[in-house]
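A closer look at the structure
Take a look at the letters that make up each chain.
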Amino acid sequence: QVQLVESGGGLVQSGGSLRLSCAASGSIYRIFNMGWYRQAPGKQRESVAIIGSGSSTVYADSVQGRFFISRDNAKNTVYLQMNSLKPEDTAVYYCYSNVQKVPNSGTLGYWGQGTQVTVSS
């Protein structure tokens, strides 16, 4: 089994910063894409930022230039540095990892449990 454990959420004032972390553990041979998604009350889950195994990145338009995703492959960990936070960034943030458990096998997607980020105005 694979577990993803997130940390770093909390309450911050508008304009502030937070850094989220997500560590994957368990039966892992290789991790391909890793990413962060968020879900605000009454809204669908949306992609925030994705990072490939070669560290290529894709960001949602709404966070471009404010959020930065990175990864440490040795630690199977993905980070999300969130700057200039706005009240509309308030949501539960989930990490995602596309995991290959053994060589020459397919991959499975795993989700973290979610961490609350609240930005006050």
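On a predicted model such as this, the values are computed, not experimentally measured, just so you know.

1. Considerations on the packing of aromatic side chains
Working definition: an aromatic ring pair is given by the centre-to-centre distance plus the angle between the planes. On inspection of all chains with the given rule, the structure shows 3 aromatic pairs. Where Y37 meets W111, the ring centres are 5.0 Å apart and the plane angle is 70°; that geometry is what we call edge-to-face. One end of the pair, Y37, is in strand β4 (residues 30-39); the other, W111, is in strand β10 (residues 107-111), and 74 residues separate them in sequence. With a relative accessible area of 38%, W111 lands in the partly exposed category. An aromatic cluster is present here, built from Y37, Y96 and W111 joined pairwise through their rings. Here R45 stacks its cationic end above the ring of Y94, 3.7 Å away from the centre of that ring.

2. Digging into the sheet that holds strand β7 (residues 67-72)
Spatially, 4 strands are ordered β1-β3-β8-β7 in an open sheet, and the strand pairing comes out antiparallel. Each end of this open sheet is capped by a strand with a single partner; those strands are β1 (2-7) and β7. Pairwise comparison of adjacent strand axes, ignoring direction, gives a mean angle of 15° for this sheet. The sheet contact formed by β1 and strand β3 (residues 18-26) spans 6 bridges and is antiparallel. Across the sheet, E6 pairs through a bridge with C22, a residue of β3.

3. With respect to unusual backbone geometry
Phi at S55 is positive, roughly 75°, even though this residue is not glycine. By relative accessible area, S55 is classed as partly exposed at 42%. Of note, the phi angle at N104 is positive, near 60°, even though the residue is not glycine. Looking at the element boundaries, N104 is found in the loop between β9 (91-100) and β10. The class for N104 is exposed, based on a relative accessible area of 80%.

4. Notes on the state of the cysteines
Tallying each qualifying case throughout the model produces 1 disulfide. Each sulfur in the disulfide pair C22 and C95 lies 2.0 Å from the other. Its S-S torsion of about 45° marks the bond between C22 and C95 as right-handed, since a negative value means left-handed. Taken together, the residues span a long stretch of sequence, with C22 in strand β3 and C95 in strand β9 at a distance of 73 residues. In this structure C22 comes out as buried when scored by relative accessible area, which is 1%. For C95, a relative accessible area of 0% puts it in the buried group.

5. A look at the pairing of β4
By the bridge criterion, 8 bridges tie β4 to β9 in an arrangement that is antiparallel. Within β9, the position partnered with Y37 by the bridge is Y94. By the bridge criterion, 5 bridges tie β4 to strand β5 (residues 46-51) in an arrangement that is antiparallel. Considered in β5, the bridge of W36 is made with A49.

The rules we used
- In this convention, every chain numbers its residues from 1, walking through the sequence in written order.
- Only residues with pLDDT of at least 70 get local features here, since the model is predicted, and only at 80 or more are side-chain atom pairs given and counted; chain-wide, interface and lining totals rely on the full set of residues.
- Only hydrogens and water are set aside when side-chain values are computed; all heavy atoms of the structure are taken into account.
- Aromatic pairs are defined between Phe, Tyr and Trp rings, using the six-membered ring for Trp, whenever the two ring centres lie within 6.5 Å; interplanar angles under 30 degrees are classed as stacked, those over 60 as edge-to-face, and all others as tilted.
- Strands are runs of DSSP state E lasting at least 2 residues, helices are runs of H or I lasting at least 4, and numbering of each runs from the N terminus.
- For every residue, the accessible area (1.4 Å probe, protein chains only) is compared with the maximum for its type, and the residue is labelled buried under 20%, exposed over 50%, or partly exposed between those bounds.
- Distance and angle both matter: a charge sits over a ring if NZ of Lys or CZ of Arg is within 6 Å of the ring centre and within 35 degrees of the ring normal.
- In this description, strands pair whenever DSSP reports at least two bridges between them.
- Where helices are involved, their axes are fitted lines through C-alpha atoms of the stretch in contact, as for all axes, and angles between N-to-C directions lie from 0 to 180°.
- By definition, disulfides here are pairs of cysteine sulfur atoms that lie within 2.5 Å.

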